[in-house]
Amino acid sequence: MVQDACSRPASLIPSDVSGDLRGALMEEVDDSVVVFRFEDGWRIVELLTKFDYQREGGLMGNCVGMFYDGPHTIYSLRNSLNEPRANILLVGREVTEVAGRYNTAPKPKYTKRVKRFFAERGYTVAPTAFLITELRSRNGRRTQNETRRYGAG
């Protein structure tokens, strides 16, 4: 089942749907819970259901769905249209990984938002939390989606 989530199309919403309608459709199928709001409409949500995890993996091009049954908590940084921009993996109160689309390092503008969330919530951040996906790539352990996007070497 995890493999299915990883090989799904990048989006469950047709690409010709945009703007407010796209946001409304994403809200319609989203059971996640907002845990933090930014002043400009961005938010951080906690993924709750198996569908949330699989949907997130499809939209982000990663295998976040495999964490559904574990002792982990997954948060998602969402823009004002509720589109995911970064995933945050917590084990207890420690942030162990922050990843952007296709398990790449998140863009600096997303990292800034995520760090603000951590500071306000008092989470402990592992030293490699923002580098873990890059470290995996350097060690030759790319995920299926990373290999597809960046090549095998």
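Everything below is about the structure shown above.
Reading guide: rules and limits
Residues numbered from 1 in each chain as written. Predicted model: local features only at pLDDT ≥ 70, side-chain atom pairs only at ≥ 80, totals over all residues. Heavy atoms only, no water. Helix = DSSP H or I, 4+ residues; strand = E, 2+ residues; numbered from the N terminus. Buried < 20%, exposed > 50% of the residue type's maximum accessible area, 1.4 Å probe, protein only. Polar contact = N/O pair within 3.5 Å; in protein donor to acceptor, adjacent residues only side chain to side chain. Contact = heavy atoms within 4.5 Å. Salt bridge = Lys/Arg side-chain N within 4 Å of Asp/Glu carboxyl O. Pairing = 2+ DSSP bridges. Axes fitted to C-alpha atoms, helices over the stretch in contact; angles between N-to-C directions. Expected span 1.5 Å × (residues − 1). Arc of directions from axis to C-beta. Core = buried A, V, L, I, M, F, W, Y, C linked by side-chain atoms within 4.5 Å.

Remarks on the side chain of Ser-76
Point 1. Relative to the assigned elements, Ser-76 resides in strand 3 (residues 72–78).
Point 2. For Ser-76, a relative accessible area of 0% gives the class buried.
Point 3. Looking at Ser-76, its side chain comes within polar contact range of the side chain of Glu-56, at 2.6 Å.
Point 4. For Ser-76, the contacting residues outside a window of four places in its chain are Arg-43, Ile-44, Val-45, Leu-47, Glu-56, Pro-84, Ala-86 and Asn-87.

Some points on the pattern of salt bridges
Point 1. For the coordinates displayed, the defined rule picks out five salt bridges.
Point 2. Two residues, Arg-116 and Glu-39, come together in a salt bridge whose shortest N-O distance is 2.8 Å. Placement of the pair is Arg-116 in helix 4 (residues 108–121) and Glu-39 in the loop between strand 1 (33–37) and strand 2 (43–46), with a sequence separation of 77 residues.
Point 3. On the basis of relative accessible area, Arg-116 is assigned to the partly exposed category, the value being 30%.
Point 4. With a shortest N-O distance of 2.6 Å, Arg-113 and Asp-40 are connected by a salt bridge. Pair noted here: Arg-113 is in helix 4 and Asp-40 is in the loop between strand 1 and strand 2, with a separation of 73 residues, a long-range link.
Point 5. By relative accessible area, which is 18% here, Arg-113 ends up buried.
Point 6. Relative accessible area serves as the criterion here: at 43%, Asp-40 is assigned to the partly exposed category.
Point 7. Sharing partners across several salt bridges, the network here consists of Glu-39, Arg-116 and Glu-120.

Quick word on the sheet that holds strand 5 (residues 94–99)
Point 1. The sheet built from six strands is open, its strands ordered 1-2-3-4-5-6 with mixed pairing. Each edge of the open sheet carries a strand with a single partner, namely strand 1 and strand 6 (124–125).
Point 2. Pairing analysis gives seven bridges linking strand 3 to strand 4 (residues 84–91), with the strands arranged antiparallel. Bridging from a neighbouring strand, Leu-77 pairs with Ala-86 of strand 4.
Point 3. Those strands touched by helix 3 (residues 50–60) are strand 3, strand 4 and strand 5, and its axis lies near 130° from that of strand 4.
Point 4. Here helix 4 sits on the sheet in contact with strand 1, strand 2, strand 3, strand 4, strand 5 and strand 6, set at roughly 95° to strand 1.

Structural notes on helix 3
Point 1. The element helix 3 is largely enclosed, with a buried count of nine among its 11 residues.
Point 2. After helix 3 finishes, the residue Gly-61 shows a positive phi value of roughly 70°.

Focus on helix 4
Point 1. The first and last C-alpha atoms of helix 4 sit 20 Å apart over 14 residues, in line with the 20 Å expected at 1.5 Å per residue.
Point 2. Taken together, the buried positions of helix 4 are occupied by Tyr-110, Thr-111, Arg-113, Val-114, Phe-117 and Phe-118. The buried residues of helix 4 occupy an angular sector of 165° when the element is viewed end-on, so they sit on one face. Facing away from the buried surface of helix 4 by more than 90 degrees, the exposed residues are Pro-108, Lys-109, Lys-112, Ala-119 and Glu-120.
Point 3. On its buried face, helix 4 is in contact with strand 1, strand 2, strand 3, strand 4, strand 5 and strand 6.

Considering the nonpolar core
Point 1. Counting residues in each nonpolar core, the largest one holds 20 residues, and the members touching the most others are Ile-44, Tyr-75, Leu-77, Ile-88, Val-95, Phe-117 and Phe-118.
Point 2. Mapped by element, the contributors of at least two residues to this core are strand 1, strand 3, strand 4, strand 5 and helix 4.
Point 3. The element best represented in this core is helix 4, accounting for four residues.
Point 4. If we ignore the near neighbours within four places in the chain, the residues touching Leu-77 are Phe-38, Trp-42, Arg-43, Ile-44, Glu-83, Pro-84, Arg-85, Ala-86, Tyr-110, Arg-113 and Val-114.

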